[in-house]
Amino acid sequence: MIKQFRIRLKPVNAATLSAISSYYMYGMLTELLEPDYVTFLHENSFSPISQYIRINPADNSAEWTVNLLGREAINQVSAVLENNNCFNITGCNCQLAIEDLSITLLPSDEALIERARTLPDIAKPTMEFISPTSFKSYGEYLIFPSVEHIIRNLVNRWNSYSQSYLINDDDAVVALIQGIKIAGYRLHSSYFRLKGASIPGFKGEVRFSTRLSIPIAELFKILLYFSEYSGVGIKTSLGMGATKYKIN
């Protein structure tokens, strides 16, 4: 089960929206949750919450997207997002009023898989990295994506989320990685700032070229569809790694 919130926000006071970050939004959210659940979030490798915020300077608004992966996350967090009229962001001294809220619900793993299967041919899909994205390997941040890092990260996220359909066939994962190539990209360096530190990463688009058997192509569709809710890479709960796929 997955529940996605898209929340349109506008500042109540004179705060500058550019000062607001996904990191501040996550800090505010955890302050409103039960302490035991916050401890659980901090102790797990893959958080069941992914979120990010996008600023729209044209009308001085922001859209906050929050994805809750699994029944427990939905039970713990939904009321906080549904029952508040505004949010106070102490990190940047800002009060944000909720102007609109929309919810998308995927009631089961089966529902997600069936929707993924309806995607058109995926011979040349594109993945957009909306917020700064990075992977970590041998203690180093990677500022350029690779097929293997993307696929293995999504497989691990799926297996952390799904209670019924584990991807535990490593031969299938290897076939998926070997059947996908990066055919083109439009990327630029981007940094995610938190606690006075800057994590190096990238934003932009990667276009894939694929040669996959039908079963492996269906697996890729599931991971592509899932990625819009899970994010990819490190620190997706703080606002990194937000993605969107495009089927060409």
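Residues numbered from 1 in each chain as written. Predicted model: local features only at pLDDT ≥ 70, side-chain atom pairs only at ≥ 80, totals over all residues. Heavy atoms only, no water.

Trainee: I'd like a rundown of the sheet that holds strand S4 (residues 86–89), residues and numbers included.
Mentor: In space, the five strands of this open sheet follow the order S2-S3-S1-S5-S4, with antiparallel pairing throughout. Every other strand in the sheet has two partners, leaving strand S2 (49–56) and S4 as the edge strands with one partner each. Here the average twist between neighbouring strands, direction ignored, is 30°. Two strands pair when backbone bridges link them, and strand S1 (residues 2–11) and strand S5 (residues 94–106) are joined in this way by ten bridges, in the antiparallel orientation. Looking across to S5, one finds that Pro11 is bridged to Leu96. (Pairing = 2+ DSSP bridges. Helix = DSSP H or I, 4+ residues; strand = E, 2+ residues; numbered from the N terminus. Axes fitted to C-alpha atoms, helices over the stretch in contact; angles between N-to-C directions.)

Trainee: I'd like a rundown of the packing of helix H5 (residues 147–161) against helix H6 (residues 170–178), residues and numbers included.
Mentor: Two numbers describe how H5 lies on H6: the axes approach to 9 Å, and their chain directions differ by 145°. Crossing of H5 over H6 shows right-handed handedness. For the pair H5 and H6, contact is made by Val147, Glu148, Ile151, Arg152 and Val155 and by Asp170, Val173, Val174, Leu176 and Ile177, respectively. Partitioned by chemical class, the residues of the contact of H5 with H6 number seven nonpolar, no polar and three charged. (Left-handed = near helix turned anticlockwise from the far one by under 90°. Contact = heavy atoms within 4.5 Å. Nonpolar A, V, L, I, M, F, W, Y, C, P; charged D, E, K, R; others polar.)

Trainee: Give me the lowdown on the side chain of Ser50, citing residues and values where you can.
Mentor: For Ser50, the location among the structural elements is in strand S2. Ser50 gets classed as buried once you look at its relative accessible area, which sits at 6%. At 2.5 Å, the side chain of Ser50 and the backbone oxygen of Tyr229 are in polar contact. Excluding residues within four positions of it along the chain, Ser50 makes contact with Thr65, Val66, Asn67, Tyr229, Ser230, Gly231, Thr236 and Ser237. (Buried < 20%, exposed > 50% of the residue type's maximum accessible area, 1.4 Å probe, protein only. Polar contact = N/O pair within 3.5 Å; in protein donor to acceptor, adjacent residues only side chain to side chain.)

Trainee: Account for the packing of aromatic side chains, naming residues and giving values.
Mentor: A complete count under the given rule lists twelve aromatic pairs for this structure. For the pair Phe144 and Tyr185, a centre-to-centre distance of 5.0 Å together with 80° between the ring planes defines the contact as edge-to-face. With a gap of 41 residues between them, Phe144 in the loop between strand S8 (140–142) and H5 and Tyr185 in strand S9 (residues 180–194) connect regions that are remote in the sequence. Under the relative-accessibility criterion, Phe144 is labelled partly exposed at 38%. Assessed through its relative accessible area of 52%, Tyr185 is described here as exposed. Taken together, a centroid distance of 6.4 Å and an interplanar angle of 50° make the contact between Tyr225 and Tyr245 tilted. A residue pair is termed long-range when its members are at least 10 positions apart, and Tyr225 in helix H7 (residues 214–230) and Tyr245 in strand S11 (residues 243–247) qualify at 20 residues. (Phe/Tyr/Trp six-rings, centres within 6.5 Å; stacked < 30°, edge-to-face > 60°.)

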